[in-house]
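Descriptive analysis of the structure
Now for the letters of each chain:
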Amino acid sequence: MRQAGRSLPEYRRVRADVPMLEACARPDMIVEITMQPVRRYDIDAAIYFSDIVVPLKAIGIDLDIKAGVGPVVAEPIRGADGIKRLRELEPDDVLFVTEAVGELTEELGDRPLIGFAGGPFTLASYLIEGGPSKNHERTKALMYGEPDLWDELMRRLSAITLEFLRVQIAAGASAVQLFDSWVGALSAEDYRTCVLPHASWIFEQLSGSEVPRIHFGVGTGELLGLLSEAGADVVGVDWRVPLDKAAQRVQPGTALQGNLDPAVLFAPWEVIAERARDVIARGRAAEGHIFNLGHGVLPTTDPDMLARLTHLVHEESAR
Ligand code: CP3
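This section reports on the structure supplied with the text. All values derive from a computational prediction rather than experimental measurement. (Residues numbered from 1 in each chain as written. Predicted model: local features only at pLDDT ≥ 70, side-chain atom pairs only at ≥ 80, totals over all residues. Heavy atoms only, no water.)

This paragraph deals with unusual backbone geometry. Look at the link from Gly258 to Asn259: it is a cis peptide, with omega at -10 degrees. Phi is positive for Asp42, which is not a glycine, with a value near 55 degrees. Note that Asp42 resides in the loop between helix 3 (27-41) and strand 1 (46-47). Under the relative-accessibility criterion, Asp42 is labelled partly exposed at 43%. The phi angle at His136 is positive, at roughly 55 degrees, despite the residue not being glycine. Structurally, His136 can be placed in the loop between helix 7 (120-129) and helix 8 (137-145). (Helix = DSSP H or I, 4+ residues; strand = E, 2+ residues; numbered from the N terminus. Buried < 20%, exposed > 50% of the residue type's maximum accessible area, 1.4 Å probe, protein only.)

A few words on the site of the ligand. The local shell around the ligand holds 27 residues, among which Arg2, Asp51, Gly68, Ser181 and His295 are the closest. A distance of 2.8 Å is found between a nitrogen atom of the ligand and a side-chain nitrogen or oxygen belonging to Asp51. Those elements giving two or more residues to the shell around the ligand turn out to be helix 1 (9-15) and strand 3 (70-73). Of the residues assigned to the shell around the ligand, the class counts are 16 nonpolar, seven polar and four charged. (Near = heavy atom within 4 Å. Polar contact = N/O pair within 3.5 Å; in protein donor to acceptor, adjacent residues only side chain to side chain. Nonpolar A, V, L, I, M, F, W, Y, C, P; charged D, E, K, R; others polar.)

Our next topic: helix 7. Counting buried positions over the 10 residues of helix 7 gives 10, a clear majority of the element. Of all the positions in helix 7, only Pro120, Phe121, Thr122, Leu123, Ala124, Ser125, Tyr126, Leu127, Ile128 and Glu129 are classed as buried. Note on helix 7: the residue one or two positions beyond its end, Gly130, has a positive phi of about 90 degrees.

This part takes up the pairing of strand 2 (residues 63-66). Here strand 2 shows one buried face, formed by Leu63 and Ile65, and one open face, formed by Asp64 and Lys66. Between strand 2 and strand 3, which pair antiparallel in sequence order, lie three residues; one of them, Gly68, sits at a positive phi of approximately 80 degrees. (Pairing = 2+ DSSP bridges.)

This part is about the packing of helix 9 (residues 147-171) against helix 11 (residues 196-206). Angle between the axes and distance between the axes are the two parameters that describe a pair of packed helices. The contact between helix 9 and helix 11 brings their axes to 10 Å, and the two run at 30 degrees. Looking at the two axes, helix 9 sits roughly parallel to helix 11. Remark: the crossing between helix 9 and helix 11 carries right-handed chirality. Residues Asp151, Met154, Arg155, Ser158, Ala159, Thr161, Leu162, Leu165, Arg166 and Ile169 of helix 9 lie in contact with helix 11, whose contacting residues are His198, Trp201, Ile202, Gln205 and Leu206. Grouping the amino acids of the contact of helix 9 with helix 11 by side-chain chemistry returns eight nonpolar, four polar and three charged. (Axes fitted to C-alpha atoms, helices over the stretch in contact; angles between N-to-C directions. Parallel < 35°, antiparallel > 145°, perpendicular 65-115°, else oblique. Left-handed = near helix turned anticlockwise from the far one by under 90°. Contact = heavy atoms within 4.5 Å.)

What follows is the structure, encoded as structure tokens:
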């Protein structure tokens, strides 16, 4: 899950003088930041340090990540002209990814490296709104008002995302995760019509690569069935739906990832432990379960609580 930074002092130290997107394009920084939580917590897998907007920047879209805000796009896309600016991503655009993933897989040994990319709806929302959005109103205006343009936008973004994931797989990533974080803003019907075909295409194209594919969004209680229909091996669940219920909503054979509320980490340890045990117990109803938070680590989280949590999960899952 995204760390959304700053919960680790060692992260703040290395990032102090380096802007986020510069850090994401420098193999030395990528390797160091990816390894930091592995060293500190002895977690079972590492998540590649990057951001969902990195491939967009790599094809020349003028954007930045502002601390405390998120991605900000200089010239938001509002129609056909903007969509044409979304050219295909070539492996040469992201040589730093190939280099960093290669170094990381060597350093990690048997420990898996999870690569990732943004899902088409979430990327479209940042590009159209120009930044983070509560209601995604301009995005929906295009989606409902200009279905052909929407389709073209989804196709181009899906191709960029697929290529970004392929580069990571080719360089040695052992699993990939598609973060379509904001699809929970859509009704099930709109998701089915306007986004699902594109998510399915991405997972289908990856099916020959033999790495597990994870699909995640926030606020997706009503969409879990459709998210798993898109074809991933694992569906990520936020904290709003208990995993035993989520297990009934996904396709047979689909594993789950999640889903401790990141805000629970601010409660007393006894509460955290009880909630974590509950997540593990309910996860046993699923075909398989990867313990994780239901969304990213909040920046002011106490790293010691994460250390205790990791320890508890290792103990409990060994039973
Ligand atoms: O552990 C890791 O480093 C994971 C890497 C990771 C980042 N972004 C690094 C990051 C991952 C998996 C992401 C994905 C991402 N980025 C998503 C999808 C996952 C999700 O959380 O739903 C989304 C929606 C984004 C867009 C984005 N980038 C947001 C909303 C923010 C937070 C802005 C803020 O400061 O509150 C970012 C910035 C970001 N991405 C940071 C990190 C470490 C923080 C940068 C900083 O230290 O200032």
